[in-house]
Amino acid sequence: MRILSGIQPSGALHLGNYFGMMRPAIELQEKGEAFYFIANYHSMTSLFDAAERRKNTLDVALDFLACGLDPKRSVFWRQSDVPEVCELTWMLGTLTPMGLLERCHSFKDKSAKGIPVNHGLFAYPVLMAADILLFDSNIVPVGRDQKQHVEVTRDIAIKFNEAYGHTFVIPEPQIKDETAAVPGLDGQKMSKSYGNTIEIFGDEKALRKKIMGIVMDSRTPAEPKPDAEKNLAVQLLRLVAPADVAADFENRLRAGGLGYGDLKKALFEHYWNHFAAARARRAELAANLDHVESVLRDGASRARTVAAKVLKRARQASGLE
Ligand code: ADP
Ligand code: TRP
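Because the structure is a prediction, the values reported are computed rather than measured. (Residues numbered from 1 in each chain as written. Chains lettered and ligands numbered in written order. Predicted model: local features only at pLDDT ≥ 70, side-chain atom pairs only at ≥ 80, totals over all residues. Heavy atoms only, no water.)

Trainee: Is there a simple way to think about the site of ligand 1 in this case?
Mentor: Surveying the vicinity of ligand 1 reveals 18 residues, the closest of which are His14, Asp145, Val182, Ser191 and Lys192. The backbone of Met190 places a nitrogen or oxygen atom 2.9 Å from a nitrogen atom of ligand 1. A distance of 2.8 Å separates an oxygen atom of ligand 1 from a polar side-chain atom of Ser191. Considered on its own, ligand 1 offers 540 Å² of accessible surface; in the complex 92% of this is hidden by protein. By residue number, the principal contributor to the shell around ligand 1 is helix H1 (residues 15–28), which donates four residues. (Near = heavy atom within 4 Å. Polar contact = N/O pair within 3.5 Å; in protein donor to acceptor, adjacent residues only side chain to side chain. Areas by Shrake-Rupley, 256 points an atom, 1.4 Å probe, with all protein chains shown as cover. Helix = DSSP H or I, 4+ residues; strand = E, 2+ residues; numbered from the N terminus.)

Structure below.
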(Lines give C-alpha, C1' and ligand atoms only; values in the text may rest on other atoms or scores of the structure.)
(Ligands and ions follow the chains in the order given, each with its own letter.)
Protein backbone atom coordinates (compact mmCIF):
# COMPACT_ATOMS: atom_id res chain seq x y z
CA MET A 1 0.00 0.00 0.00
CA ARG A 2 1.34 3.42 -0.91
CA ILE A 3 0.54 6.42 1.27
CA LEU A 4 1.24 9.96 0.07
CA SER A 5 0.74 13.45 1.42
CA GLY A 6 2.20 16.93 1.09
CA ILE A 7 2.37 20.09 3.10
CA GLN A 8 2.97 23.63 1.89
CA PRO A 9 5.91 25.67 3.17
CA SER A 10 3.72 28.70 3.71
CA GLY A 11 4.46 29.50 7.38
CA ALA A 12 5.07 27.97 10.80
CA LEU A 13 3.25 24.66 11.23
CA HIS A 14 0.52 24.52 13.87
CA LEU A 15 -1.56 22.07 15.90
CA GLY A 16 -4.12 21.80 13.08
CA ASN A 17 -1.40 20.68 10.69
CA TYR A 18 0.03 18.33 13.29
CA PHE A 19 -3.13 16.55 14.44
CA GLY A 20 -4.94 16.81 11.10
CA MET A 21 -2.19 15.66 8.79
CA MET A 22 1.29 15.11 10.25
CA ARG A 23 0.52 12.72 13.09
CA PRO A 24 -1.77 10.50 10.96
CA ALA A 25 0.90 10.52 8.25
CA ILE A 26 3.59 9.58 10.75
CA GLU A 27 1.46 6.75 12.14
CA LEU A 28 0.85 5.43 8.63
CA GLN A 29 4.59 4.95 8.11
CA GLU A 30 4.11 1.56 9.79
CA LYS A 31 1.30 0.55 7.46
CA GLY A 32 2.86 0.82 4.04
CA GLU A 33 5.25 2.69 1.80
CA ALA A 34 4.99 6.32 2.86
CA PHE A 35 5.78 9.19 0.46
CA TYR A 36 5.72 12.70 1.98
CA PHE A 37 6.85 15.94 0.40
CA ILE A 38 7.10 19.68 0.93
CA ALA A 39 4.78 21.31 -1.59
CA ASN A 40 6.94 24.29 -2.57
CA TYR A 41 5.46 24.58 -6.09
CA HIS A 42 2.05 24.93 -4.43
CA SER A 43 3.34 27.68 -2.16
CA MET A 44 4.13 29.77 -5.27
CA THR A 45 0.41 30.41 -5.73
CA SER A 46 0.30 32.64 -2.66
CA LEU A 47 3.83 33.38 -1.41
CA PHE A 48 6.03 35.61 -3.55
CA ASP A 49 9.18 35.93 -1.45
CA ALA A 50 12.06 33.63 -2.44
CA ALA A 51 13.99 33.85 0.84
CA GLU A 52 10.87 33.17 2.82
CA ARG A 53 10.03 30.13 0.71
CA ARG A 54 13.54 28.76 1.20
CA LYS A 55 13.36 29.31 4.96
CA ASN A 56 9.85 27.88 5.30
CA THR A 57 10.85 24.82 3.31
CA LEU A 58 13.70 24.10 5.66
CA ASP A 59 11.44 24.74 8.67
CA VAL A 60 8.86 22.26 7.41
CA ALA A 61 11.62 19.68 6.91
CA LEU A 62 12.84 20.24 10.48
CA ASP A 63 9.32 20.19 11.94
CA PHE A 64 8.26 17.02 10.15
CA LEU A 65 11.47 15.14 10.94
CA ALA A 66 11.38 16.31 14.58
CA CYS A 67 7.77 15.12 14.92
CA GLY A 68 8.69 11.61 13.85
CA LEU A 69 8.90 11.32 10.08
CA ASP A 70 11.51 8.59 9.72
CA PRO A 71 13.51 8.99 6.50
CA LYS A 72 14.69 5.38 6.71
CA ARG A 73 11.12 4.20 6.50
CA SER A 74 9.56 6.98 4.39
CA VAL A 75 10.50 8.86 1.27
CA PHE A 76 10.67 12.60 2.07
CA TRP A 77 11.47 15.24 -0.51
CA ARG A 78 11.00 18.79 -1.80
CA GLN A 79 8.31 18.80 -4.50
CA SER A 80 10.44 20.85 -6.93
CA ASP A 81 13.25 18.27 -6.81
CA VAL A 82 10.97 15.98 -8.83
CA PRO A 83 9.92 18.32 -11.67
CA GLU A 84 8.26 15.42 -13.55
CA VAL A 85 5.17 16.46 -11.61
CA CYS A 86 4.87 19.57 -13.79
CA GLU A 87 4.70 17.53 -16.99
CA LEU A 88 1.98 15.36 -15.53
CA THR A 89 0.11 18.49 -14.39
CA TRP A 90 -0.06 19.61 -18.01
CA MET A 91 -1.33 16.25 -19.20
CA LEU A 92 -4.01 16.09 -16.47
CA GLY A 93 -5.04 19.71 -17.01
CA THR A 94 -6.16 18.90 -20.54
CA LEU A 95 -8.73 16.46 -19.11
CA THR A 96 -9.90 18.72 -16.29
CA PRO A 97 -13.20 20.54 -16.93
CA MET A 98 -13.10 24.24 -15.98
CA GLY A 99 -16.26 23.74 -13.92
CA LEU A 100 -14.54 21.22 -11.68
CA LEU A 101 -11.89 23.79 -10.74
CA GLU A 102 -14.40 26.63 -10.46
CA ARG A 103 -16.15 24.66 -7.73
CA CYS A 104 -12.98 24.19 -5.61
CA HIS A 105 -12.97 26.05 -2.30
CA SER A 106 -9.26 26.87 -2.56
CA PHE A 107 -10.03 29.12 -5.51
CA LYS A 108 -13.65 30.09 -4.76
CA ASP A 109 -13.00 31.32 -1.20
CA LYS A 110 -10.05 33.51 -2.15
CA SER A 111 -11.78 34.93 -5.16
CA ALA A 112 -14.95 35.62 -3.10
CA LYS A 113 -12.85 37.53 -0.56
CA GLY A 114 -11.50 39.73 -3.34
CA ILE A 115 -7.96 38.30 -3.06
CA PRO A 116 -6.42 38.54 -6.56
CA VAL A 117 -6.34 35.03 -7.99
CA ASN A 118 -3.74 33.79 -10.46
CA HIS A 119 -3.85 30.91 -12.90
CA GLY A 120 -1.64 28.83 -10.57
CA LEU A 121 -4.16 29.10 -7.77
CA PHE A 122 -6.96 28.11 -10.15
CA ALA A 123 -4.97 25.12 -11.43
CA TYR A 124 -3.67 24.16 -7.98
CA PRO A 125 -5.91 21.06 -7.64
CA VAL A 126 -4.50 19.75 -10.93
CA LEU A 127 -0.96 20.01 -9.56
CA MET A 128 -2.17 18.23 -6.44
CA ALA A 129 -3.73 15.50 -8.59
CA ALA A 130 -0.39 15.09 -10.36
CA ASP A 131 1.38 14.82 -6.97
CA ILE A 132 -0.90 12.00 -5.98
CA LEU A 133 -1.19 10.11 -9.28
CA LEU A 134 2.52 10.29 -10.11
CA PHE A 135 3.27 7.90 -7.25
CA ASP A 136 0.44 5.35 -7.66
CA SER A 137 -0.84 6.48 -4.26
CA ASN A 138 -3.59 4.46 -2.57
CA ILE A 139 -4.16 6.50 0.58
CA VAL A 140 -3.88 10.27 1.09
CA PRO A 141 -3.96 11.35 4.78
CA VAL A 142 -5.17 14.97 5.02
CA GLY A 143 -7.37 17.28 7.09
CA ARG A 144 -11.00 17.73 6.03
CA ASP A 145 -10.30 20.90 4.02
CA GLN A 146 -8.32 18.85 1.47
CA LYS A 147 -10.99 16.21 0.88
CA GLN A 148 -12.40 18.05 -2.12
CA HIS A 149 -8.96 18.08 -3.78
CA VAL A 150 -8.62 14.32 -3.42
CA GLU A 151 -12.08 13.94 -4.94
CA VAL A 152 -11.01 16.11 -7.88
CA THR A 153 -7.95 13.87 -8.22
CA ARG A 154 -10.17 10.81 -8.42
CA ASP A 155 -12.34 12.45 -11.11
CA ILE A 156 -9.31 13.38 -13.20
CA ALA A 157 -7.76 9.91 -12.84
CA ILE A 158 -11.01 8.26 -13.92
CA LYS A 159 -11.24 10.57 -16.96
CA PHE A 160 -7.65 9.80 -17.95
CA ASN A 161 -8.19 6.06 -17.55
CA GLU A 162 -11.36 6.28 -19.67
CA ALA A 163 -9.66 8.28 -22.39
CA TYR A 164 -6.36 6.40 -22.60
CA GLY A 165 -6.85 3.04 -20.89
CA HIS A 166 -6.06 2.07 -17.33
CA THR A 167 -3.07 4.15 -16.25
CA PHE A 168 -3.61 5.55 -12.78
CA VAL A 169 -4.43 4.12 -9.37
CA ILE A 170 -7.57 5.74 -7.92
CA PRO A 171 -6.64 7.17 -4.49
CA GLU A 172 -8.72 7.41 -1.30
CA PRO A 173 -8.54 10.30 1.16
CA GLN A 174 -8.03 9.32 4.78
CA ILE A 175 -9.49 11.78 7.26
CA LYS A 176 -9.62 11.17 10.99
CA ASP A 177 -12.94 12.29 12.44
CA GLU A 178 -11.55 13.36 15.82
CA THR A 179 -8.96 15.69 14.32
CA ALA A 180 -10.43 16.55 10.92
CA ALA A 181 -10.81 20.20 11.93
CA VAL A 182 -8.76 21.33 14.93
CA PRO A 183 -10.18 24.61 16.32
CA GLY A 184 -7.96 27.68 16.61
CA LEU A 185 -7.61 30.31 19.34
CA ASP A 186 -10.87 31.98 18.25
CA GLY A 187 -12.85 28.73 17.91
CA GLN A 188 -12.83 28.79 14.09
CA LYS A 189 -10.80 26.14 12.22
CA MET A 190 -7.13 26.67 13.07
CA SER A 191 -5.46 28.12 9.99
CA LYS A 192 -2.49 30.27 9.09
CA SER A 193 -4.82 32.48 7.10
CA TYR A 194 -7.05 33.21 10.13
CA GLY A 195 -4.17 34.19 12.43
CA ASN A 196 -5.56 31.90 15.15
CA THR A 197 -2.80 29.29 15.32
CA ILE A 198 -0.88 27.61 18.10
CA GLU A 199 2.45 26.68 16.55
CA ILE A 200 3.99 23.26 17.18
CA PHE A 201 7.35 24.89 17.87
CA GLY A 202 8.15 28.39 18.95
CA ASP A 203 8.96 30.73 21.76
CA GLU A 204 7.65 29.51 25.13
CA LYS A 205 6.68 32.91 26.45
CA ALA A 206 4.82 33.97 23.34
CA LEU A 207 2.99 30.66 23.12
CA ARG A 208 2.01 30.77 26.79
CA LYS A 209 0.64 34.24 26.20
CA LYS A 210 -1.39 33.07 23.21
CA ILE A 211 -2.97 30.23 25.19
CA MET A 212 -3.63 32.30 28.33
CA GLY A 213 -5.22 34.90 26.05
CA ILE A 214 -7.96 32.55 24.77
CA VAL A 215 -11.22 34.44 25.33
CA MET A 216 -13.90 32.56 27.29
CA ASP A 217 -17.35 33.56 28.53
CA SER A 218 -18.07 35.57 31.66
CA ARG A 219 -19.51 32.81 33.85
CA THR A 220 -17.91 32.65 37.32
CA PRO A 221 -15.61 29.72 38.24
CA ALA A 222 -18.20 28.37 40.71
CA GLU A 223 -20.96 28.12 38.12
CA PRO A 224 -21.54 24.61 36.68
CA LYS A 225 -20.91 24.48 32.91
CA PRO A 226 -23.21 21.86 31.36
CA ASP A 227 -21.63 22.57 27.94
CA ALA A 228 -18.08 21.78 29.16
CA GLU A 229 -17.34 19.47 26.22
CA LYS A 230 -17.68 22.42 23.83
CA ASN A 231 -15.14 24.53 25.72
CA LEU A 232 -12.23 25.37 23.40
CA ALA A 233 -9.54 24.68 26.01
CA VAL A 234 -11.15 21.32 26.80
CA GLN A 235 -11.20 20.42 23.10
CA LEU A 236 -7.52 21.29 22.72
CA LEU A 237 -6.63 19.55 25.98
CA ARG A 238 -8.14 16.35 24.58
CA LEU A 239 -5.51 16.48 21.84
CA VAL A 240 -2.43 17.14 23.97
CA ALA A 241 -3.19 15.48 27.34
CA PRO A 242 -3.83 11.84 28.26
CA ALA A 243 -7.54 10.97 27.89
CA ASP A 244 -8.18 10.58 31.64
CA VAL A 245 -6.58 13.96 32.43
CA ALA A 246 -8.66 15.73 29.77
CA ALA A 247 -11.83 13.96 31.00
CA ASP A 248 -11.07 15.02 34.58
CA PHE A 249 -10.77 18.71 33.61
CA GLU A 250 -13.94 18.48 31.55
CA ASN A 251 -15.83 17.00 34.52
CA ARG A 252 -14.51 19.62 36.91
CA LEU A 253 -15.60 22.36 34.54
CA ARG A 254 -19.03 20.80 34.17
CA ALA A 255 -19.47 20.50 37.95
CA GLY A 256 -18.33 24.07 38.64
CA GLY A 257 -15.38 25.19 40.72
CA LEU A 258 -12.70 25.17 38.01
CA GLY A 259 -11.67 28.62 36.78
CA TYR A 260 -10.84 29.28 33.15
CA GLY A 261 -7.37 30.55 34.11
CA ASP A 262 -6.47 27.23 35.73
CA LEU A 263 -7.86 25.33 32.77
CA LYS A 264 -5.77 27.37 30.33
CA LYS A 265 -2.68 26.95 32.49
CA ALA A 266 -3.16 23.16 32.37
CA LEU A 267 -3.66 23.34 28.62
CA PHE A 268 -0.39 25.21 28.18
CA GLU A 269 1.58 22.76 30.37
CA HIS A 270 0.24 19.68 28.60
CA TYR A 271 0.77 21.23 25.19
CA TRP A 272 4.33 22.21 26.06
CA ASN A 273 5.15 18.74 27.43
CA HIS A 274 3.47 16.99 24.54
CA PHE A 275 6.13 18.35 22.18
CA ALA A 276 9.11 18.29 24.58
CA ALA A 277 10.86 15.32 22.95
CA ALA A 278 10.16 16.66 19.45
CA ARG A 279 11.52 20.06 20.48
CA ALA A 280 14.80 18.47 21.57
CA ARG A 281 15.02 16.50 18.31
CA ARG A 282 14.33 19.66 16.33
CA ALA A 283 17.20 21.47 18.04
CA GLU A 284 19.55 18.59 17.16
CA LEU A 285 18.42 18.61 13.54
CA ALA A 286 18.78 22.39 13.30
CA ALA A 287 22.39 22.00 14.35
CA ASN A 288 22.97 19.53 11.52
CA LEU A 289 21.46 21.06 8.41
CA ASP A 290 23.74 19.10 6.08
CA HIS A 291 22.06 15.95 7.31
CA VAL A 292 18.60 17.44 6.66
CA GLU A 293 19.64 18.47 3.14
CA SER A 294 20.97 14.99 2.44
CA VAL A 295 17.71 13.41 3.67
CA LEU A 296 15.77 15.57 1.19
CA ARG A 297 18.16 14.85 -1.65
CA ASP A 298 18.08 11.12 -1.05
CA GLY A 299 14.27 11.28 -0.82
CA ALA A 300 14.09 13.13 -4.14
CA SER A 301 16.18 10.52 -5.86
CA ARG A 302 14.01 7.68 -4.55
CA ALA A 303 10.83 9.58 -5.44
CA ARG A 304 12.14 10.28 -8.93
CA THR A 305 12.64 6.61 -9.68
CA VAL A 306 8.95 5.94 -9.04
CA ALA A 307 7.83 9.13 -10.79
CA ALA A 308 9.78 8.35 -13.95
CA LYS A 309 8.07 4.95 -14.31
CA VAL A 310 4.56 6.31 -13.83
CA LEU A 311 5.16 9.28 -16.11
CA LYS A 312 6.42 6.98 -18.86
CA ARG A 313 3.27 4.89 -18.48
CA ALA A 314 1.15 8.05 -18.89
CA ARG A 315 3.20 9.28 -21.87
CA GLN A 316 2.83 5.93 -23.61
CA ALA A 317 -0.88 5.62 -22.82
CA SER A 318 -1.62 9.08 -24.22
CA GLY A 319 0.40 8.69 -27.39
CA LEU A 320 3.22 11.08 -26.52
CA GLU A 321 5.55 8.12 -26.94
P1 ADP B 1 -3.52 26.30 6.74
O2 ADP B 1 -5.03 26.25 6.76
O3 ADP B 1 -2.98 26.72 8.06
O4 ADP B 1 -2.99 27.12 5.59
P5 ADP B 1 -2.75 24.04 5.16
O6 ADP B 1 -3.89 24.30 4.23
O7 ADP B 1 -1.36 24.33 4.71
O8 ADP B 1 -3.04 24.81 6.53
O9 ADP B 1 -2.85 22.54 5.63
C10 ADP B 1 -1.85 21.55 5.63
C11 ADP B 1 -2.44 20.23 6.09
O12 ADP B 1 -2.91 20.36 7.44
C13 ADP B 1 -3.66 19.78 5.28
O14 ADP B 1 -3.68 18.37 5.19
C15 ADP B 1 -4.81 20.28 6.09
O16 ADP B 1 -5.99 19.55 5.86
C17 ADP B 1 -4.30 20.09 7.51
N18 ADP B 1 -4.93 21.08 8.40
C19 ADP B 1 -4.72 22.41 8.38
N20 ADP B 1 -5.44 23.03 9.34
C21 ADP B 1 -6.11 22.04 9.98
C22 ADP B 1 -7.02 22.02 11.08
N23 ADP B 1 -7.37 23.13 11.72
N24 ADP B 1 -7.51 20.83 11.46
C25 ADP B 1 -7.17 19.68 10.83
N26 ADP B 1 -6.31 19.64 9.80
C27 ADP B 1 -5.78 20.79 9.37
N1 TRP C 1 -2.79 21.20 -1.01
C2 TRP C 1 -2.29 20.64 0.22
C3 TRP C 1 -2.46 21.67 1.36
O4 TRP C 1 -2.50 22.84 1.14
C5 TRP C 1 -0.85 20.25 0.12
C6 TRP C 1 -0.65 19.22 -0.92
C7 TRP C 1 -0.09 19.41 -2.16
C8 TRP C 1 -1.01 17.85 -0.85
N9 TRP C 1 -0.05 18.25 -2.85
C10 TRP C 1 -0.63 17.28 -2.09
C11 TRP C 1 -1.62 17.08 0.12
C12 TRP C 1 -0.86 15.93 -2.36
C13 TRP C 1 -1.85 15.72 -0.17
C14 TRP C 1 -1.47 15.16 -1.40
O15 TRP C 1 -2.52 21.27 2.48
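Now that the structure is up, let's keep going.
Trainee: Would you mind going over the site of ligand 2 with me for this structure?
Mentor: Inspection of the region around ligand 2 gives 14 residues, with Gln8, Tyr124, Met128, Asp131 and Gln146 positioned closest. Measuring from a nitrogen atom of ligand 2, one finds a side-chain N or O atom of Tyr124 at 2.6 Å. Between ligand 2 and Gln146 there is a distance of 3.2 Å, counted from a nitrogen atom to a side-chain nitrogen or oxygen. When ligand 2 is considered free in solution it has 370 Å² of accessible area, and contact with the protein chains removes 91% of it.

Trainee: Can you walk me through the pattern of salt bridges in this structure?
Mentor: Two side chains carrying opposite charge are able to pair once their charged atoms lie near each other. Summed over the entire model, instances satisfying the criterion amount to 27 salt bridges. In this structure, Glu269 engages Arg208 in a salt bridge whose closest nitrogen and oxygen atoms are separated by 3.5 Å. Separated by 61 residues along the polypeptide, Glu269 in helix H12 (residues 260–274) and Arg208 in helix H9 (residues 204–212) bring together distant segments of the chain. (Salt bridge = Lys/Arg side-chain N within 4 Å of Asp/Glu carboxyl O.)

Trainee: I tried to follow the packing of helix H7 (residues 119–133) against helix H8 (residues 147–164) on my own but got confused; where do I start?
Mentor: Working note: a packed helix pair is described by the angle between its axes plus the distance between those axes. Running from N to C, H7 and H8 cross one another at 70 degrees; their axes reach a closest spacing of 9 Å. Here H7 is positioned roughly perpendicular relative to H8, judged by the angle of their axes. In contact with Tyr124, Pro125, Met128, Ala129, Ile132 and Leu133 of H7, H8 contributes His149, Val150, Val152, Thr153, Ile156 and Ala157. A per-class count over the contact of H7 with H8 returns ten nonpolar, two polar and no charged. (Axes fitted to C-alpha atoms, helices over the stretch in contact; angles between N-to-C directions. Parallel < 35°, antiparallel > 145°, perpendicular 65-115°, else oblique. Contact = heavy atoms within 4.5 Å. Nonpolar A, V, L, I, M, F, W, Y, C, P; charged D, E, K, R; others polar.)

Trainee: Help me out: how do you make sense of the domain arrangement of the protein chain in this one?
Mentor: Bring the parts together and some accessible area is lost; that lost area is often taken as the interface size. The domain boundaries assigned to the protein chain delineate domain 1 (2–182 + 289–318) and domain 2 (202–274). On a C-alpha basis, the centres of domain 1 and domain 2 stand 34 Å from each other. Facing the five residues of domain 1 at the interface are five residues of domain 2. Regarding the contact of domain 1 and domain 2, the summed buried area is about 400 Å², with carbon and sulfur atoms giving 84% of it. It is Leu15, Phe19 and Val182 in domain 1 that bury the most area against domain 2; as a group they hold 75% of the surface buried on that side. The interface formed by domain 1 and domain 2 holds zero salt bridges in total. (Domains from an automatic or database assignment. Buried area = accessible area lost by both parts, 1.4 Å probe.)

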